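Descriptive structure summary
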Amino acid sequence: MGRAPDRLTVPAPPLRAQTKNVALIAGDGVGPEVMQVGVQVLEALAEHGRYPIRWTPFDLGAERYLRDGVTFPGEIAAQIREEFDAILLGALGDPRVPDLSYAREILFGIRFGFDLYCNVRPISCLSDSLMPLRHHSAADCDFVVFRENTEGIYVGVGGQFKRGTADEIAINEDINTRRGVERIIRAAFDYARTQGRTTVHMVDKHNAMYHAHDLWRRCFHEVAEEFSDITTEHLFVDAFCAELIQNPARFDVVVTCNLFGDIITDLGAALQGGMGMAASANIHPGRLSMFEPVHGSAPTLAGTDTANPFAMVLTVGMMMTDLGWPEAEARLTTLIKRAIEQKACTRDVGGTLGTRETGEALCGSLARAYAESPRPS
Ligand code: IPM
Ligand code: MN
């Protein structure tokens, strides 16, 4: 199970001709605070034309919804589709809108609307000091979850009948299509092969959900036949959760449905040092993608300058790889590891700094790293 080596000294990137356009949606709660750090990192990356990136903020989220009722209008979706290469999202969710319908309209509007079927969530513990399990080190936790992102229980098919009465019925259908299941499984195998990962685990519940997850099982075995170089394993989701805590080193690439992916990646985040360290990418390979930290809007932390911005910085890293610049992600990851070692980070990961100071310290080290290994002309 190959861990990516630290690559602070990788050759600096060549200058790209084509500018990449990033749409920013800071959103709610701690979203704008971590987005500010994300933008500082983009500024440092873009400096001296090192990486030709341009970014444009979009005013979407709770404030906008409460002001004029706008959530995620078709014209904005069309503009983003035509003019942008990526979306960077802060967080959505505000207690002033308890049913969170506007947040779902934006988040699912992006995930479903742009058909971003791969929710890629790396579960990588970057420092021994963050590993909560006894007898385990950070090196034992390094795998990637491929969460199906456009189907399952998330599609909202269903309804309520006789609401509020003793005879009430509530139904949420779990939608699994052959096409949808096969493509996420194939994406997981493709990733394993191209990244030199050796094993793909499928996590499902076909002992109970035997219609839907029988389809998953059949697709998994069929796709696996095309990847004879990859070892395959299967675990029921309940057993997976136990195994994750007892033997996280067993996992390399994990593919699972939308709901299980949501749950197991929060468990995974706990092994990474908490929600402040968990990054994610919502991808349709070859098309515009969306990048978001997993932590959400954390309303109780909003405005306190305590939110950990590293999930956002790691998320910017994933975006850089998607835009064609993996060396930038490697550099950011290395600098975050160092920052944690040196305690130049927020309290949740062992430091004493606020969100803003953490971002400034990190951007300072980024600028110094580039000064030491400048881009070759
Ligand atoms: C996540 C979040 C979302 C999800 C919520 C906000 C709908 O928990 O991105 O993991 O369940 O997908
Ligand atoms: Mn979640």
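Structure first, text after, so check above.
Below, the structure is looked at part by part. (Residues numbered from 1 in each chain as written. Chains lettered and ligands numbered in written order. Predicted model: local features only at pLDDT ≥ 70, side-chain atom pairs only at ≥ 80, totals over all residues. Heavy atoms only, no water.)

Turning next to the overall build of the chain. Along the chain, the regular secondary structure elements total eleven helices and twelve strands. Its C-alpha atoms give the chain a radius of gyration of 21 Å, near enough to 21 Å, the size a compact globule of 377 residues would have. Along the first, second and third principal axes, the C-alpha atoms of the chain reach 65 × 55 × 40 Å. Taking all 377 residues of the chain together, the buried fraction comes to 53%. Considering only residue pairs separated by 6 or more positions, the chain has 75% of its internal contacts joining residues 24 or more positions apart. Carbon and sulfur atoms form 52% of the exposed surface of the chain, whose accessible area is close to 16600 Å². Where the 36 positive side-chain charges of the chain centre and where its 49 negative ones centre are 3 Å apart. (Helix = DSSP H or I, 4+ residues; strand = E, 2+ residues; numbered from the N terminus. Rg over C-alpha atoms; globule rule 2.2 N^0.38 Å. Buried < 20%, exposed > 50% of the residue type's maximum accessible area, 1.4 Å probe, protein only. Contact = heavy atoms within 4.5 Å. Areas by Shrake-Rupley, 256 points an atom, 1.4 Å probe, with all protein chains shown as cover. Lys, Arg positive; Asp, Glu negative; His and termini not counted. Charge placed at Lys NZ, Arg CZ, Asp CG, Glu CD.)

Right, let's get into the nonpolar core. Counting 89 residues, the largest nonpolar core has Val41, Leu45, Leu88, Phe146, Ile185 and Val255 as its most contacted members. One finds Ala23, Ala77, Phe84 and Met290 within the second-largest nonpolar core, a separate group that totals 25 residues. (Core = buried A, V, L, I, M, F, W, Y, C linked by side-chain atoms within 4.5 Å.)

Take the side chain of arginine 147 next. Within the secondary structure, arginine 147 is located in strand β5 (residues 142–148). Within the structure, arginine 147 has its side chain in polar contact with the side chain of tyrosine 154 (distance 3.2 Å). Polar contacts involving the side chain of arginine 147 include one to the side chain of asparagine 258, which spans 2.8 Å. In this structure arginine 147 touches Arg111, Tyr117, Cys118, Asn119, Arg121, Tyr154, Ile184, Thr256, Cys257, Asn258, Gly261 and Asp262, once residues within four positions along its chain are discounted. (Polar contact = N/O pair within 3.5 Å; in protein donor to acceptor, adjacent residues only side chain to side chain.)

As enumerated under the stated definition, the model contains eleven aromatic pairs in all. Seen from their ring centres, phenylalanine 72 and phenylalanine 114 are 6.4 Å apart, and the 80° between their planes marks the pair as edge-to-face. Taken together, the residues phenylalanine 72 in the loop between α2 (62–68) and α3 (74–83) and phenylalanine 114 in the loop between α4 (101–113) and β4 (118–124) connect sequence positions 42 residues apart. Relative to phenylalanine 220, the ring of phenylalanine 189 has its centre 5.5 Å away and its plane inclined at 40°; by these criteria the two rings are tilted. Here the residue phenylalanine 189 occupies a position in helix α5 (residues 178–194), and phenylalanine 220 occupies one in helix α6 (residues 212–225), the gap between them amounting to 31 residues. You'll find phenylalanine 189 and phenylalanine 220 in the same group, each marked buried. Members of the aromatic cluster, connected to one another through ring pairs, are Phe108, Phe112 and Tyr154. Here the basic side chain of arginine 50 rests over the ring of tyrosine 370, its NZ or CZ set 3.9 Å away from the ring centre. Positioned over the ring face of tyrosine 154 is arginine 147, at 5.0 Å from the centre of the ring. (Phe/Tyr/Trp six-rings, centres within 6.5 Å; stacked < 30°, edge-to-face > 60°. Lys NZ or Arg CZ within 6 Å of the ring centre and 35° of its normal.)

Right, let's get into the site of ligand 1. Every residue close to ligand 1 is listed here: Phe108, Arg111, Arg121, Arg147, Tyr154 and Asp262. A distance of 2.7 Å separates an oxygen atom of ligand 1 from a polar side-chain atom of arginine 111. Here tyrosine 154 contributes a side-chain N or O atom positioned 2.5 Å from an oxygen atom of ligand 1. Contact with the protein chains removes 67% of the 320 Å² of surface that ligand 1 exposes when unbound. Judged by its atoms lying within 2 Å of the grid points, ligand 1 is housed in the second largest pocket. Taken together, the residues of the shell around ligand 1 break down into two nonpolar, no polar and four charged. (Near = heavy atom within 4 Å. 1 Å grid on protein atoms, 1.4 Å probe; cavity = no way out; pocket = protein on both sides within 12 Å on 5 of 7 lines; lining within 4 Å. Sits in = over half its atoms within 2 Å of the grid points. Nonpolar A, V, L, I, M, F, W, Y, C, P; charged D, E, K, R; others polar.)

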